[in-house]
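Architecture at a glance
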Amino acid sequence: GQQVMQIPQYQHVQEGEDFTTYCNSSTTLSNIQWYKQRPGGHPVFLIQLVKSGEVKKQKRLTFQFGEAKKNSSLHITATQTTDVGTYFCAGRPTGSGYALNFGKGTSLLVTP
Amino acid sequence: DTGVSQDPRHKITKRGQNVTFRCDPISEHNRLYWYRQTLGQGPEFLTYFQNEAQLEKSRLLSDRFSAERPKGSFSTLEIQRTEQGDSAMYLCASSVSGGPGLGPHNEQFFGPGTRLTVL
């Protein structure tokens, strides 16, 4: 079936280091969303990308949607301990209806 | 608090029992989603409502699962004859339809979830 794959599964960095998580879909996506889930919490929306090649920035976070609309990435510059959590990408395959397919997430641990 | 609320927050039940969960979306949101999340996994889509109409249901969803949104506001998710494999966090999310310039697919606001444990 249609799947969204996300790597790496875990990432442990020292505070101040950069972090990147990658998301790949087997099918073209109409859009992709990114969510953050803190330990014990629920997913919280970060951003939505719609256009091919789109790049959006939120302070230290940079989000990119691939030209083929099949992959995406989230890059965090100079991580802080507040960045700890699991980052999920969620894609909606083109023409598939309303279901949002979430990746398994990348769990980020930041040590001071 | 005007966020998405879910009740109960925790439910422990014995195998074979029926359980029902409730979700109250953000009041002006006409779209409502149910997801299931297990440890180490992302949320798995179960079903979607626009107002009171159930427009999509996961093909993976057993017929033991049923959801309703009778008045287009709160929703219930019922699991009949629970199995140990049903143990998970059940998340509800809501969103508003895209308006001009917003596109059809907007951010989803998640509730705190109902953690189900089937013994």
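Preceding this section is the structure that the text describes.
A short tour of the structure in this document, coming up. These figures come from a predicted structure and were not determined experimentally.

Turning our eyes to something else, we now look at the overall build of chain B. A tally of helices and strands in chain B yields zero helices and eleven strands. In sequence order, chain B lays out its α and β elements as β-β-β-β-β-β-β-β-β-β-β. Relative to its length of 119 residues, chain B is compact, with a C-alpha radius of gyration of 14 Å against a globular reference of 14 Å. By its C-alpha atoms, chain B is 50 × 30 × 30 Å across when sized along the principal axes. Within chain B, counting contacts between residues at least 6 apart in sequence, those at least 24 apart form 56% of the total. Looking at chain B as shown, the accessible area adds up to about 6,200 Å², and 48% of this sits on carbon and sulfur atoms.

With that settled, the discussion passes to the pairing of strand S1 (residues 4–7) of chain A. Residues and elements named next belong to chain A. Burial of the side chains of S1 is restricted to one face: Val-4 and Gln-6 are buried, whereas none of Met-5 and Ile-7 on the reverse face is. Direction of pairing for S1 relative to strand S3 (residues 19–25): antiparallel, over a ladder of four bridges. Bridge assignment links Val-4 to a residue of S3, and that residue is Ser-25.

The interface of chain A with chain B comprises 19 residues on the first partner and 20 residues on the second. Between chain A and chain B, the buried area comes to about 1,600 Å², and carbon and sulfur atoms account for 55% of it. Broken down residue by residue, the surface that chain A buries against chain B is led by A:His42, A:Tyr98 and A:Phe102, which jointly contribute 34%. In this structure, the connection of chain A to chain B is made through zero salt bridges. Elements with a contribution of two residues or more to the side of chain A that touches chain B: strand S4 (29–37), strand S5 (44–49) and strand S9 (85–93) of chain A.

Definitions and cut-offs
- Residues numbered from 1 in each chain as written.
- Chains lettered and ligands numbered in written order.
- Predicted model: local features only at pLDDT ≥ 70, side-chain atom pairs only at ≥ 80, totals over all residues.
- Heavy atoms only, no water.
- Helix = DSSP H or I, 4+ residues; strand = E, 2+ residues; numbered from the N terminus.
- Rg over C-alpha atoms; globule rule 2.2 N^0.38 Å.
- Contact = heavy atoms within 4.5 Å.
- Areas by Shrake-Rupley, 256 points an atom, 1.4 Å probe, with all protein chains shown as cover.
- Buried < 20%, exposed > 50% of the residue type's maximum accessible area, 1.4 Å probe, protein only.
- Pairing = 2+ DSSP bridges.
- Buried area = accessible area lost by both parts, 1.4 Å probe.
- Salt bridge = Lys/Arg side-chain N within 4 Å of Asp/Glu carboxyl O.

Read these as layout, nothing more, since geometry by itself doesn't imply function.
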